[in-house]
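Chain residues, written in single-letter form:
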Amino acid sequence: MAEIEGPGAIQHIWMTPTGKWRFSILRVYWDNETEPSIECPVGDFFGMGWNEYSPLVSSAICVNPGSAFNSYWVMPFRKKVQDHYGNVNSAEAMTLYYQIDYTLTEVPADAGYFHAQFRRSNPNETSIYTINDGIKGKGQFVGVYLAWGVNNNGWWGEGEIKFFIDGDGKFPTICGTGTEDYFCGSYNFDRDGKYTEFCTPYSGLHQVIRPDGVYRSQQRFGLYRWHIMDPIRFETDLKITIQDLGWHLGGRYLKQQSDISSACFWYQAEPHAKYPKLPDWQTLEVI
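These notes cover the structure that comes with them.

Criteria and cut-off values
- Residues numbered from 1 in each chain as written.
- Predicted model: local features only at pLDDT ≥ 70, side-chain atom pairs only at ≥ 80, totals over all residues.
- Heavy atoms only, no water.
- Helix = DSSP H or I, 4+ residues; strand = E, 2+ residues; numbered from the N terminus.
- Rg over C-alpha atoms; globule rule 2.2 N^0.38 Å.
- Buried < 20%, exposed > 50% of the residue type's maximum accessible area, 1.4 Å probe, protein only.
- Contact = heavy atoms within 4.5 Å.
- Pairing = 2+ DSSP bridges.
- 1 Å grid on protein atoms, 1.4 Å probe; cavity = no way out; pocket = protein on both sides within 12 Å on 5 of 7 lines; lining within 4 Å.
- Points joined across faces, edges and corners; volume = space filled by probe spheres on them.
- Polar contact = N/O pair within 3.5 Å; in protein donor to acceptor, adjacent residues only side chain to side chain.

Considering the overall build of the protein chain
Piece 1. Summing up its helical and strand segments, the protein chain has three helices and 25 strands in all.
Piece 2. Here the C-alpha radius of gyration of the protein chain, 19 Å, is about what a compact globule of 287 residues would show, namely 19 Å.
Piece 3. For the protein chain, with 287 residues in total, the buried portion stands at 53%.
Piece 4. In the protein chain, of all internal contacts separated by at least 6 residues, the share reaching a separation of at least 24 is 76%.

So, the sheet that holds strand β14 (residues 161-165)
In a beta sheet, neighbouring strands are held together by backbone hydrogen bonds and run either parallel or antiparallel to one another.
Piece 1. The four strands lie next to each other as β12-β22-β14-β15, forming an open sheet whose pairing is antiparallel. Single-partner strands in this sheet number two, and they are β12 (128-136) and β15 (174-175).
Piece 2. Sheet analysis places β12 next to strand β22 (residues 237-243), joined by six bridges and oriented antiparallel. When the sheet's bridge partners are listed, I128 is paired in β22 with Q243.

Considering empty space enclosed by the protein
Piece 1. Within this structure, the stated rule accounts for one cavity of 30 Å³ or more.
Piece 2. Within this model, the largest cavity holds a volume of roughly 40 Å³.

Topic: the side chain of Q256
Piece 1. As for its placement among the helices and strands, Q256 is situated in the loop between β24 (252-255) and β25 (259-268).
Piece 2. For Q256, the side chain forms a polar contact with the side chain of N152, separated by 3.4 Å.
Piece 3. Setting aside residues no more than four positions away along its own chain, Q256 makes contact with N124, W148, N152, W155, W156, D244, L245 and G246.

Topic: the pairing of β25
Piece 1. Along β25, 10 of the 10 residues are buried, which leaves the element largely enclosed by surrounding structure.
Piece 2. Alternating positions in β25 separate into two faces, D259, S261, A263, F265 and Y267 on one and I260, S262, C264, W266 and Q268 on the other, with burial throughout.
Piece 3. Where strand β11 (residues 113-121) lies against β25, nine bridges are found, and the strand directions are antiparallel. Looking at the pairing, R120 lines up with S261 of β25.
Piece 4. As paired elements, strand β13 (residues 139-149) and β25 share 10 bridges and run antiparallel to each other. Counted as the bridge partner of W148 is I260 from β25.

Honestly, it's all geometry; don't read function into it.
Structure representation (structure tokens):
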């Protein structure tokens with residue numbers, strides 16, 4: 001997609017890809033590195049992990065009709081940037097139109113490089129979903145998108161998000177109070193007995209796919225939280241988990257086996273730790 005000599009910074013990316021977005025992989029390499037700093041299916045990078053359009057209006061990511069993906073994450077580079085885009089399922093063709101807007105300018109010595117990593121657990125069998133456990137170095141976490149598929153009845157979001165920072169052991173530095181609370185909602189995202197979508201500059205429940213009605217199995221959700229005004233900084237390492245716990249109407253926690261995918265975003269000084277191998281297209285597929 002691009003090969004740009006630095007120093008400079010990518011300031012905006014627009015694209016409109018066809019085909020199954022989970023099969024199209026975005027990879028970005030900073031300053032002649034051999035391992036990508038961004039490796040993520042394009043749908044998840046832009047908050048569309050279910051291969052279905054939903055409007056998303058935020059400070060960092062906007063998705064506009066009909067399938068216009070926009071990123072406003074600032075991505076500095078000092079020597080060079082290479083943007084790659086690949087279709088991992090050659091049996092299903094796709095078409096890509098895109099534009100990358102950048103500036104050539106000096107980059108401050110303390111500016112970090114932008115990173116993005118994808119993970120998926122389907123089904124999640126441990127009641128704990130790991131968003132990232134391999135961040136090594138100095139930097140700051142700036143956001144996460146979750147595509148959360150619920151395979152049980154009832155409320156699904158009792159899980160606590162936990163940030164283990166700079167050598168934390170059993171107890172994290174930051175511990176949340178519930179899934180909807182972390183994404184800046186409350187009380188099950190419920191108004192008048194139904195889930196209510198919302199988009200704000202820094203957080204949202206922008207997508208609810210309702211095949212069976214409110215609180216019924218097989219619903220799918222898209223959520224985002226951008227830590228732009230409240231970045232989570234780390235000096236040596238960072239691990240992020242969120243519990244996959246629901247609430248039974250009888251008044252007890254409910255172990256779930258959800259289909260959860262995540263795109264995790266952060267800045268850090270290079271080099272970064274090598275990412276886990278991306279799943280093959282059969283494992284990536286939304287079923």
